[in-house]
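Each chain, letter by letter, is given below.
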Amino acid sequence: MDILNEAKKNFDYMVRIRRHMHEYPENSGVEYETVKYIASELDALGIEYVVVPEGGIIGQIHGGKPGKTVLLRADMDALPIQDAKDVPYRSQISGVCHACGHDAHTANLLGVANYISDHRTEFCGTIKFLFQPAEELLEGAKLVCQSGVLDGTDYILGQHAVLDVDVGQVQVCYGPSNGGGDEFTLRLHGVGCHGARPHTGKDPILLAAKVIEGFQQIISRELDPLKAAVISVCSVQAGQHESKNVVPQEAVLAGTVRTLEEDVRTYVLTRMEEIVAGLCSASRCSYTLEHVTKVPPLTSDQQLTQLVENTAVELVGRENVLYRPAPTMGVEDFSWYTRNYNACMFYFGARNVEKGIITRGHNPKFDIDEECFRVAMPMFILLSKRLMLD
């Protein structure tokens, strides 16, 4: 295929971009130099762009004929992890490294932009290139959606490098692929007293224990066992270690809720509040419960997923197109796009056992086989062409 030959021509360019970003990573929310670097590359390619006040940058190319507006997304933030690899492009920033492939996503998208810039008369409509900040904080996509820069967009596509799939393969997912994430903070207000006279107070620690048990009973006794949900109380704070004879006045619980379906999420959050209210009433205590929706569940548009699968089969062969075996409760803020737009996330393999590139994301030794660009770049280009047809 001609498009594979074009990927070869842009391969060295993408490797250069990826390695520069790998050497100079920036954490979520402070991708200032990264944005400047991407802007300089877009300038060199002659691609117009706008810097989003929320921290991202969007390039734009108008095709030779009217058509749809397609947006391709790449996240660009790194993680607060010390790079432990012994490679020439090892991170030069202490305590920060690209351990989730976002450098590869950005390099791939610039490679796609480079190709389309040279072949813009072959495309219809408008193609946009979104370099998104703060995915690891689960804030970037939501901010982009709220900014209004996506108005008029017909389709949104995202790719993610994965190390459980071999280089040269593509993975798709029908139905939920990633869980939604909510965070909660619960403050239980009791009455402090002397540990020798518990009857004179209202013990928030005992109440906290009942609440935690009540939360877990939602999962084990109220939900259909075939419905996925997790409630994890990850922090319990009450009293002072030095004050072993003082019943504290307050206990604070904090944690996360993960679900794959919106109706399950709504049910779990509603029941959590009801359980807290009921137990506090019985214990004659009060409470404040705050929850923040970090990301909704990620479910790609089915028709777009089918198009991705068909395109991948054409590009790499049926034997190299895989189905994601099961969803994960790990979250991905691309879900804000799938909630609000016709959007699809798919995956390209970056594992190479022979080269020892097998370590999965968020690990100090994470790396990718850069040969993955030979598939990731053509996938975005072919899909863009097909979606832009009016």
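Draft legend 1. Here's a closer look at the nonpolar core. Within the largest apolar cluster, 69 residues are counted, with the highest numbers of intra-cluster contacts made by Leu72, Phe129, Phe131 and Met379. Tallying contributions element by element places helix α9 (residues 373-388) first for this core, with 11 residues. Once residues lying within four places of it in the same chain are set aside, the contact partners of leucine 72 are Leu109, Val112, Ile127, Lys128, Phe129, Leu130, Leu157, Phe380 and Ser384. The next biggest cluster of nonpolar side chains, apart from the first, holds 22 residues, and it includes Phe184, Ala229, Ile275 and Cys280.

Draft legend 2. Spotlight on the packing of aromatic side chains. In total, this model carries five aromatic pairs according to the counting rule given. Taking the centre distance of 5.9 Å and the plane angle of 85 degrees together, the rings of phenylalanine 184 and phenylalanine 215 count as edge-to-face. Here the residue phenylalanine 184 occupies a position in strand β8 (residues 180-189), and phenylalanine 215 occupies one in helix α5 (residues 204-222), the gap between them amounting to 31 residues. The same class applies to phenylalanine 184 as to phenylalanine 215, namely buried. With centroids separated by 5.2 Å and ring planes inclined at 75 degrees, the aromatic side chains of phenylalanine 334 and tyrosine 337 adopt a geometry described as edge-to-face. With respect to class, phenylalanine 334 is no different from tyrosine 337; both count as buried.

Draft legend 3. The arrangement of unusual backbone geometry in detail. The phi dihedral of leucine 138 is positive, around 60 degrees, even though this residue is not glycine. Mapped onto the secondary structure, leucine 138 falls in the loop between β4 (124-132) and α4 (140-147). Accessibility expressed as a relative area gives 15% for leucine 138, which makes it buried. Backbone geometry places arginine 284, a non-glycine residue, at a positive phi of 60 degrees.

Draft legend 4. How the structure looks around the pattern of salt bridges. Applying the stated criterion to the full structure yields 25 salt bridges. Glutamate 274 is the partner of arginine 271 in a salt bridge, and the nearest nitrogen-oxygen pair spans 2.8 Å. Of this pair, arginine 271 and glutamate 274 both sit in helix α6 (residues 262-283), three residues apart, roughly one helical turn. Taking the relative accessible area as the measure of exposure, glutamate 274 reaches 42% and is therefore partly exposed.

Draft legend 5. Representation of the sheet that holds strand β1 (residues 48-51) in the model. One open sheet accounts for eight strands, arranged β1-β2-β4-β3-β5-β16-β6-β15; its pairing is mixed. Edge strands, defined here as strands with exactly one partner in the open sheet, are β1 and β15 (321-323). The average angle at which neighbouring strand axes cross in this sheet is 25 degrees, direction not considered. The pairing of strand β6 (residues 170-172) with β15 spans three bridges and is classified as parallel. Looking at the pairing, valine 172 lines up with tyrosine 323 of β15. Lying on the sheet, helix α2 (residues 32-45) is in contact with β1, β2 (57-62) and β4; it crosses β2 at an angle near 15 degrees. In the packing of α9 onto the sheet, the strands contacted are β3 (65-75), β4, β5 (155-166), β6 and β16 (343-351), and the crossing angle to β3 comes to about 150 degrees.

Draft legend 6. View of α9. The first and last C-alpha atoms of α9 sit 22 Å apart over 16 residues, in line with the 22 Å expected at 1.5 Å per residue. Where burial is concerned, most of α9 is hidden: 13 out of the 16 residues are buried.

Draft legend 7. Structural detail: the side chain of serine 335. Checked against the element boundaries, serine 335 lands in helix α8 (residues 335-340). For serine 335, the side chain forms a polar contact with the main-chain oxygen of proline 296, separated by 2.9 Å. Excluding residues that lie within four positions of it along the chain, serine 335 makes contacts with Val295, Pro296, Pro297 and Leu298.

Draft legend 8. Focus on the side chain of aspartate 333. Mapped onto the elements, aspartate 333 comes out in the loop between β15 and α8. A distance of 3.0 Å separates polar atoms of two side chains, one belonging to aspartate 333 and the other to glutamine 132. Within the structure, the side chain of aspartate 333 is placed 3.4 Å from the backbone nitrogen of glycine 140, a separation counted as a polar contact. Apart from the residues within four sequence positions on either side, aspartate 333 is in contact with Arg73, Gln132, Ala134, Glu135, Leu138, Glu139, Gly140, Ala141 and Val295.

Draft legend 9. Representation of the sheet that holds β8 in the model. Here we have four strands laid out as an open sheet, ordered β10-β12-β8-β13, and antiparallel in their pairing. The outermost strands of the open sheet, each flanked by one partner alone, are β10 (229-238) and β13 (286-295). This sheet shows a mean twist of 15 degrees between the axes of neighbouring strands, independent of strand direction. Relative to strand β12 (residues 250-259), β8 is paired through 10 bridges, and the arrangement is antiparallel. Within β12, the residue paired with aspartate 182 across the bridge is valine 257. With respect to the sheet, α6 is in contact with β8, β10, β12 and β13, its orientation differing from that of β13 by roughly 165 degrees.

Draft legend 10. Expanded view of the packing of helix α1 (residues 2-23) against α2. Between α1 and α2, whose axes approach to 11 Å, the crossing angle comes to 160 degrees. As far as their axial angle goes, α2 and α1 are roughly antiparallel. Read as a crossing pair, α1 and α2 show a hand that is right-handed. Taken together, the residues of α2 that come into contact with α1 (itself represented by Tyr13, Arg16, Ile17, His20 and Met21) are Thr34, Tyr37, Glu41 and Leu45.

The rules behind these values
Residues numbered from 1 in each chain as written. Predicted model: local features only at pLDDT ≥ 70, side-chain atom pairs only at ≥ 80, totals over all residues. Heavy atoms only, no water. Core = buried A, V, L, I, M, F, W, Y, C linked by side-chain atoms within 4.5 Å. Buried < 20%, exposed > 50% of the residue type's maximum accessible area, 1.4 Å probe, protein only. Helix = DSSP H or I, 4+ residues; strand = E, 2+ residues; numbered from the N terminus. Contact = heavy atoms within 4.5 Å. Phe/Tyr/Trp six-rings, centres within 6.5 Å; stacked < 30°, edge-to-face > 60°. Salt bridge = Lys/Arg side-chain N within 4 Å of Asp/Glu carboxyl O. Pairing = 2+ DSSP bridges. Axes fitted to C-alpha atoms, helices over the stretch in contact; angles between N-to-C directions. Expected span 1.5 Å × (residues − 1). Polar contact = N/O pair within 3.5 Å; in protein donor to acceptor, adjacent residues only side chain to side chain. Parallel < 35°, antiparallel > 145°, perpendicular 65-115°, else oblique. Left-handed = near helix turned anticlockwise from the far one by under 90°.

Honestly, it's all geometry; don't read function into it.
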